[in-house]
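A closer look at the structure
One-letter residues, chain by chain:
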Amino acid sequence: MKKIGLALSSGGARGFAQIGVLKVLEKESIPISYIAGTSMGALIAAHYALYKNISELEDFALSFTRKDVLKSFDLNDPRKSLIKGKKAKKILKDLFGEKRFKHTKIPLNINATALEDGSEIIFRSGKIRRAVLASGTIPGLLPPVKYKGKHLVDGGLVDAIPVNIVKKMGAEAILAVDLYTLEKTALKSTNLKPIIKRTREILMSKLAEYGEKQYGKDIIVIKPDLGRKPDTFAFHKAKQKIRAGEEATKNALDKIKNLTDE
C-alpha cells in the first residue's frame with residue numbers, strides 16, 4: 001500500500017467534520033503515514049497524531065454546548081483583538097499538556113502565517129499546543145502568537161488545505177479534506193459583514209482548489225456536505241458535522257482504496 005498523507009483543512013467548527021473522516025478511515029483500516037493540519041484541522045491532526053484515539057476526540061467535540069461557546073469569548077481591548085484567548089489556551093493545554101512533536105505516533109506538521117512577510121511557517125518540532133494555537137489564530141479575533149521574532153496567525157491564509165506539506169513529508173497518495181466548496185449565491189446585501197464573509201469564502205475556496213489541482217491522480221479530495229452556513233463558531237453542532245464527514249468519506253471509499261492500492 002502506498003504511504004498515505006492526510007491533509008486536514010481550516011474551517012472553524014466545520015472542521016469537526018474531519019473527525020468523521022478519521023472515523024471511517026480507521027474503521028476501514030486505511031493507515032495514515034503522514035498528517036498535516038491547518039487551523040481547526042491542526043487541532044484534529046495533532047490530537048490524532050499524538051493519541052490515535054478517535055473516540056476521545058469525538059467525545060471532546062460533542063462536549064461543546066452553545067453556552068460553552070459563548071463563555072469562550074473573553075473580551076479583550078478591541079484595539080488589540082476581539083477576545084483574549086485565555087480560554088482557548090486552557091483548552092489546548094488540557095488537550096496537549098506539554099506534549100511535543102517528537103511524542104506523536106504519526107509524523108505531524110502544522111502551518112501558520114507570519115504577518116511580517118506573509119510567509120508560511122511550518123511547525124515540525126516543539127510544543128504541540130503552541131503550534132495549534134498559532135495555526136488557529138484568526139486575525140482580529142485572537143492576538144497573534146509571537147514566535148522567533150515574528151507574529152503568527154491562521155495558517156489558512158497561505159494554505160487552506162496543507163496538501164503541499166504532506167507531499168513534502170513523503171506521501172505517495174494524498175487524502176485531502178475540503179470544507180470550502182463554493183456555491184453560487186445571490187448577494188442579498190452589500191453591508192460590511194456579508195461582504196467580508198463572502199470574500200473569505202471565495203479566498204478559502206480558491207486556495208483549496210489551487211492545492212488540489214497540482215496533484216491530479218495522486219490525490220482524492222473529500223468534500224463533506226456542510227450546507228451553506230459558514231458555522232465558524234457553531235461548535236455546539238459537532239454531531240451533524242461529524243456525520244457529514246463520515247458520509248463523504250464512505251462515498252469516496254472505493255476511490256480511496258483504488259488510489260492507495262495502486
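This text goes with the structure placed above it.
In this report, we go over the structure that sits alongside the text. All of these numbers come straight from a predicted model, not from anything done at the bench. Sequence order as written defines residue numbering, which begins from 1 separately in each chain. Selection of residues for local features in this predicted model requires a pLDDT of at least 70, selection of side-chain atom pairs for listing and counting requires 80 or more, and totals for whole chains, interfaces and linings are taken over all residues. Heavy atoms throughout the structure, all of them, feed into the side-chain values; hydrogens and water do not.

1. Looking at the overall build of the protein chain
Put simply, the rule reads: Segments assigned H or I by DSSP are reported as helices when at least four residues long, segments assigned E as strands when at least two residues long, and all are numbered from the N terminus. Burial here depends on accessible area, computed with a 1.4 Å probe over protein chains only, as a share of the maximum for the residue type. Under 20% is buried, over 50% is exposed, and the range in between is partly exposed. Whether two residues are in contact is decided by their heavy atoms: any pair within 4.5 Å suffices. Surface accessibility follows the Shrake-Rupley procedure with a 1.4 Å probe radius. Residue values consider only the protein chains on display as shielding.
Within the protein chain, the regular secondary structure consists of 10 helices and 8 strands. Residues counted as buried form 50% of the 262 residues belonging to the protein chain. Within the protein chain, residue pairs in contact and separated by at least 24 positions form 76% of the contacts whose partners lie at least 6 positions apart. As presented, the protein chain carries roughly 13300 Å² of accessible surface, and 53% of it is formed by carbon and sulfur atoms.

2. Focus on the packing of aromatic side chains
To keep it simple, the criterion reads: When two rings of Phe, Tyr or Trp (its six-membered ring) have centres within 6.5 Å they constitute a pair, described as stacked for plane angles under 30 degrees, edge-to-face for angles over 60, and tilted for the intermediate range.
Under the defined criterion, the tally for this structure stands at 5 aromatic pairs. Ring geometry for F16 and F64: centres 6.2 Å apart, planes at 40°, overall tilted. With a gap of 48 residues between them, F16 in the loop between β1 (4–8) and α1 (17–27) and F64 in the loop between α3 (54–62) and α4 (66–71) connect regions that are remote in the sequence. Across the pair, exposure class does not vary: F16 and F64 are buried alike.

Everything listed here is a matter of coordinates, which is why it stays silent on function.
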